[in-house]
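These are the residues of each chain, in order.
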Number of protein chains: 2
Amino acid sequence: MMEYGGINMRLPIYLRIAEDIKEKINKGELKPGDAIYSENALCRAYKASRMTVRRGLALLANEGYIYSIPGKGNFVREPDNDTYTLYYNEMKNFINSVDKTKLLEVNIILPNYKLINSLQITRNRKVIVIRRLFFTGGEPVAYDVKYLPYCKGMPIVEKEIRYATFPEMVAKSTSLFAIKKELIIYTQMPDEETKKYLNIYNELPLMVVEQKLYNREGKPIGMGITYFRGDYCKLYAESYFSDSKICEKYKNEAET
Amino acid sequence: MMEYGGINMRLPIYLRIAEDIKEKINKGELKPGDAIYSENALCRAYKASRMTVRRGLALLANEGYIYSIPGKGNFVREPDNDTYTLYYNEMKNFINSVDKTKLLEVNIILPNYKLINSLQITRNRKVIVIRRLFFTGGEPVAYDVKYLPYCKGMPIVEKEIRYATFPEMVAKSTSLFAIKKELIIYTQMPDEETKKYLNIYNELPLMVVEQKLYNREGKPIGMGITYFRGDYCKLYAESYFSDSKICEKYKNEAET
DNA sequence: GAGTGGTCTAGACCACGGT
DNA sequence: CCGTGGTCTAGACCACTCT
């Protein structure tokens, strides 16, 4: 029984082109650096217009499979092995969700030297400090500190702060789309204060996540550190397959 | 001095359309859930053909700014706040690069119960074990164990293994494009054996990274655990801006 | 039925690369 | 020079939604 007329029949031409080439790359028939058939050649091969062919190639380019050099052709790209998609939310990780928080402090302070540097502000610019404890099932699981350069309309109302993640805190003053975020993740032993907050009596390490937020112009608009009890924090990341989601719709149709 | 005729003049129409809408979203003029002008309306507004307008919208869709519902329109998407791009390479992290490795063991074994489960193999399928130490400036910084279901052509030659990262190890049997990778990141205290390997005499936690590799069909083709000395491992992640790289070319031209 | 997005065509002109 | 990719047009037909 031939596959012909099965899945690929009702697949739009541009997807068919993209899938065919992708398969050749995945199978190793096309290797990094190799040239793809020219767009005109693909037009003839698939009896398609050039716009349709280019749409298929654009898909592959977006997914990182190929790149193009004007005047020369399309080529298979070297795969990026070191890039993953990490899912991080200070309230919710791979093994744990925060169900209660406790506000330790909300304050407006003048920044110390480290903060001035880190937030790139002047020494008389006021800063909001928010210190919280996160709980799961009654147990403290993380100690969290955030610093935000004070602007009018900033959240200093307790209700607004309690369950807000960092991006949510700044959402009132900037569109979330316009925010650039950075994470630095490391581990260390807790100091005495943190041990007390997190009920740590034995040798238990911390997972530390530093988060920095920048606006569209690259100016820092907030920084925070979350100290997780090591036994309550697992992070999950995966290599991204931006691809093939589009095709599922058609595959499902074909299966029925 | 007006900006008119500056940057945007030589910008391709589809990019101009995309940038204009993106700016409206970033400024908050368009909020998540809001409808964009219809494609035909944009055609009239920009005196452009529909294919050109759709190309601009496709850009925004790829960058996660908008989505479309056939028969209804294009809408601003809710931004994804919990997704980051993580850069991970067992030999090279934010603060440290491995400059020497030591092979502790290369062996072919029969899997124990945990491996059978984790690699989804039968009990008589042989498995390659590779145990290594990573060094920086003469100091041991990580203890690394990998398991690969044995296939013909697998790397059991010492030279091939010494400096290979996990993806590189399986690259001979599968195209790197076709590999799906998963990471689980957590922290724990070292056991006695690991302490010895990593020269740990005081209270120093480990950063542990479990890595699993899958082929295109979802079958596991390898798993590994890397135990980093906590003081030699920082991971870095950032929110992705898939956007605006395309525009830089034009911006640079405009500046000169 | 009018409007929307999804797919596709058959041309066009341009800048660029290699001969 | 010819072939390549990059941009763009002015149409077309379809499936869908809403009224």
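Numbers given for residues are sequential positions, taken from 1 along each chain in its written order. Each chain gets a letter, beginning with A, and each ligand a number, beginning with 1, in the order they are written. Given that the model is predicted, a residue must reach a pLDDT of at least 70 before its local features are reported, and side-chain atom pairs must reach 80 or more before they are shown or counted; all residues, however, enter totals for whole chains, interfaces and linings. No hydrogens and no water enter the side-chain calculation; it runs on all heavy atoms of the structure.

Chain A carries the name Transcriptional regulator, GntR family in an unreviewed UniProt entry, which gives Thermosediminibacter litoriperuensis as its organism.

Draft legend 1. The overall build of chain A, seen in detail. Helix and strand assignments come from DSSP, with helices taken as H or I runs of at least 4 residues and strands as E runs of at least 2, each series counted from the N terminus. Counting its secondary structure elements, chain A contains 8 helices and 12 strands. Only protein chains enter the accessibility calculation, which uses a 1.4 Å probe. A residue is then buried if its area is under 20% of the maximum for its type, exposed if over 50%, and partly exposed in between. Counting over 256 residues, chain A shows a buried share of 48%. Should any heavy atoms of two residues lie within 4.5 Å, those residues are considered in contact. Long-range contacts, defined here as pairs at least 24 residues apart, represent 62% of the contacts in chain A between residues at least 6 apart. Each accessible area value is a Shrake-Rupley result obtained with a 1.4 Å probe; residue values ignore everything except the protein chains displayed when judging cover. Counting only carbon and sulfur atoms, one obtains 50% of the accessible surface of chain A, whose full area is about 13,700 Å².

Draft legend 2. A look at the nonpolar core. Core analysis: the largest hydrophobic core is formed by 32 residues, its most contacted members being Leu86(A), Tyr88(A), Ile185(A), Leu86(B), Tyr88(B) and Ile185(B). Apart from the residues within four sequence positions on either side, Leu86(B) is in contact with Asp82(A), Thr83(A), Tyr84(A), Leu86(A), Ala237(A), Leu183(B), Ile185(B), Leu235(B), Tyr236(B) and Ala237(B). In this description, a nonpolar core means a group of buried Ala, Val, Leu, Ile, Met, Phe, Trp, Tyr and Cys residues linked to one another through side-chain atoms lying within 4.5 Å.

Draft legend 3. Representation of the protein's contact with DNA strand D in the model. As a matter of local geometry, DNA strand D sits amid 27 residues, with Arg54(A), Ser68(A), Ile13(B), Thr52(B) and Arg55(B) nearest to it. Protein-proximal atoms of DNA strand D, defined as those within 4 Å of the protein, fall in sugar or phosphate at a share of 64%. Between Glu39(A) and DNA strand D, the recorded distance is 2.8 Å, taken from a backbone N or O atom to a phosphate oxygen. Nitrogen and oxygen atoms within 3.5 Å of one another constitute a polar contact, given that in protein one can donate a hydrogen and the other can accept it, and given that sequence-neighbouring residues count only through two side-chain atoms. At a separation of 2.8 Å, a phosphate oxygen of DNA strand D approaches a polar side-chain atom of Tyr14(B). Among the elements of the structure, helix H2 (39–46), helix H3 (50–62), strand S1 (66–69) and strand S2 (73–76) of chain A together with helix H1 (13–27) and helix H3 (50–62) of chain B are those that each provide at least two residues to the surface near DNA strand D. For the surface near DNA strand D, the element with the most residues is H3(B), which contributes 4 residues. Residues are sorted three ways: Asp, Glu, Lys and Arg are charged, Ala, Val, Leu, Ile, Met, Phe, Trp, Tyr, Cys and Pro are nonpolar, and all the rest, Gly among them, are polar. Looking at side-chain class alone, the surface near DNA strand D contains 10 nonpolar, 9 polar and 8 charged residues. We call a residue near a molecule or strand as soon as one heavy atom of that residue lies within 4 Å of the molecule or strand.

Draft legend 4. The protein's contact with DNA strand C, seen in detail. The environment of DNA strand C is made up of 27 residues, and the closest members are Ile13(A), Thr52(A), Arg55(A), Arg54(B) and Ser68(B). Considering DNA strand C, the proportion of its atoms within 4 Å of the protein that are sugar or phosphate atoms stands at 65%. In the environment of DNA strand C, a phosphate oxygen lies 2.7 Å from a nitrogen or oxygen atom belonging to the backbone of Ile13(A). Backbone polar atom of Ser49(A) to a phosphate oxygen of DNA strand C: 2.8 Å apart, as the coordinates give it. Elements with a minimum of two residues in the surface near DNA strand C: helix H1 (13–27) and H3 of chain A together with helix H2 (39–46), H3, strand S1 (66–69) and strand S2 (73–76) of chain B. It is H3(A) that provides the largest number of residues to the surface near DNA strand C, a total of 4 residues. Taken together, the residues that form the surface near DNA strand C break down as 10 nonpolar, 9 polar and 8 charged.

Draft legend 5. Examining unusual backbone geometry more closely. With a phi close to 50°, Gln120(A) is a non-glycine residue in the positive phi region. By secondary structure assignment, the location of Gln120(A) is in the loop between helix H4 (113–119) and strand S7 (127–136). Using a relative accessible area of 54% as the deciding quantity, one classes Gln120(A) as exposed. One non-glycine residue, Lys47(B), adopts positive backbone phi at about 50°.

Draft legend 6. Representation of the relation of the copies chain A and chain B in the model. The two copies are related by a screw motion: chain A maps onto chain B through a turn of 180° and a shift of 0.0 Å along the axis, at an RMSD of 0.1 Å. The symmetry that links the two subunits is that of a two-fold axis. The position closest to the rotation axis in chain A is occupied by the C-alpha of Thr85(A), lying 2.4 Å away. Least squares is the method used to superpose the copies, on C-alpha atoms of residues holding a pLDDT of at least 70 in both.

Draft legend 7. Structural context of the interface of chain A and chain B. Counting from both sides, the interface comprises 59 residues of chain A and, opposite them, 59 residues of chain B. Two parts lose some accessible area (1.4 Å probe) when they are put together, and adding that loss for both gives the buried area. Interface area for chain A against chain B, summed over the two sides, is near 5,100 Å², with a carbon-plus-sulfur share of 57%. Considering only the surface of chain A that becomes buried against chain B, Tyr84(A), Phe177(A) and Lys181(A) emerge as the three largest contributors, covering 16% of it. Salt bridges are counted wherever a side-chain nitrogen of Lys or Arg sits within 4 Å of a carboxyl oxygen of Asp or Glu. The tally of links between chain A and chain B comes to 2 salt bridges. A salt bridge links Glu238(B) to Lys180(A); the shortest N-O distance between them is 2.8 Å.

Draft legend 8. Focus on the pattern of salt bridges. All names here are of chain A. Tallying each qualifying case throughout the model produces 24 salt bridges over all chains. Arg-50 serves as the salt-bridge partner of Glu-39, at 2.9 Å between the closest nitrogen and oxygen. Residue Glu-39 is located in helix H2, and its partner Arg-50 is located in helix H3; the two are separated by 11 residues in the primary sequence. A relative accessible area of 13% means that Glu-39 is categorised as buried. Judged by relative accessible area, which is 44%, Arg-50 ranks as partly exposed. One network of salt bridges, with partners in common, ties together Glu-90, Arg-132, Asp-144 and Lys-146.

Draft legend 9. Up close: the environment of Asn93(B). Residue and element names in this part refer to chain B. If you trace the backbone, Asn-93 turns up in strand S4 (residues 92–93). For Asn-93, a relative accessible area of 14% puts it in the buried group. In sequence terms Asn-93 and Lys-234 are 141 residues apart; their C-alpha atoms lie 6.3 Å from each other. If sequence neighbours within four positions are ignored, Asn-93 has contacts with Phe-228, Tyr-232, Cys-233, Lys-234 and Leu-235. A distance of 3.5 Å separates the side chain of Asn-93 from the backbone nitrogen of Lys-234, its partner in a polar contact.

Draft legend 10. Layout of the packing of aromatic side chains. Here the aromatic set is Phe, Tyr and Trp, taking the six-membered ring for Trp, and pairing holds for ring centres within 6.5 Å; pairs whose planes are under 30 degrees apart are stacked, those over 60 apart are edge-to-face, and all others are tilted. The tally for this structure, following the rule as stated, stands at 16 aromatic pairs over all chains. A centroid spacing of 5.1 Å and a plane angle of 20° characterise the contact between Phe94(A) and Tyr236(A), whose relative ring orientation is stacked. A residue pair is termed long-range when its members are at least 10 positions apart, and Phe94(A) in the loop between strand S4 (92–93) and strand S5 (96–97) and Tyr236(A) in strand S12 (residues 235–238) qualify at 142 residues. The class for Phe94(A) is partly exposed, based on a relative accessible area of 46%. Ring centres 5.1 Å apart and planes at 15° place the aromatic pair Phe177(A) and Tyr65(B) in the stacked group. Taken together, the positions of Phe177(A) in the loop between helix H6 (166–170) and strand S9 (180–188) and Tyr65(B) in the loop between H3 and S1 put the pair across two chains. Cluster of aromatic residues (ring-pair linked, three or more members): Tyr84(A), Tyr88(B) and Phe228(B). It is Lys234(A) that lies over the ring of Tyr186(B); its NZ or CZ is 4.9 Å from the centre. One Lys or Arg, Lys100(B), reaches over the ring of Phe135(B) and ends 4.6 Å from the middle of that ring. Two limits define a charge over a ring: the Lys NZ or Arg CZ must be within 6 Å of the ring centre, and within 35 degrees of the ring normal.

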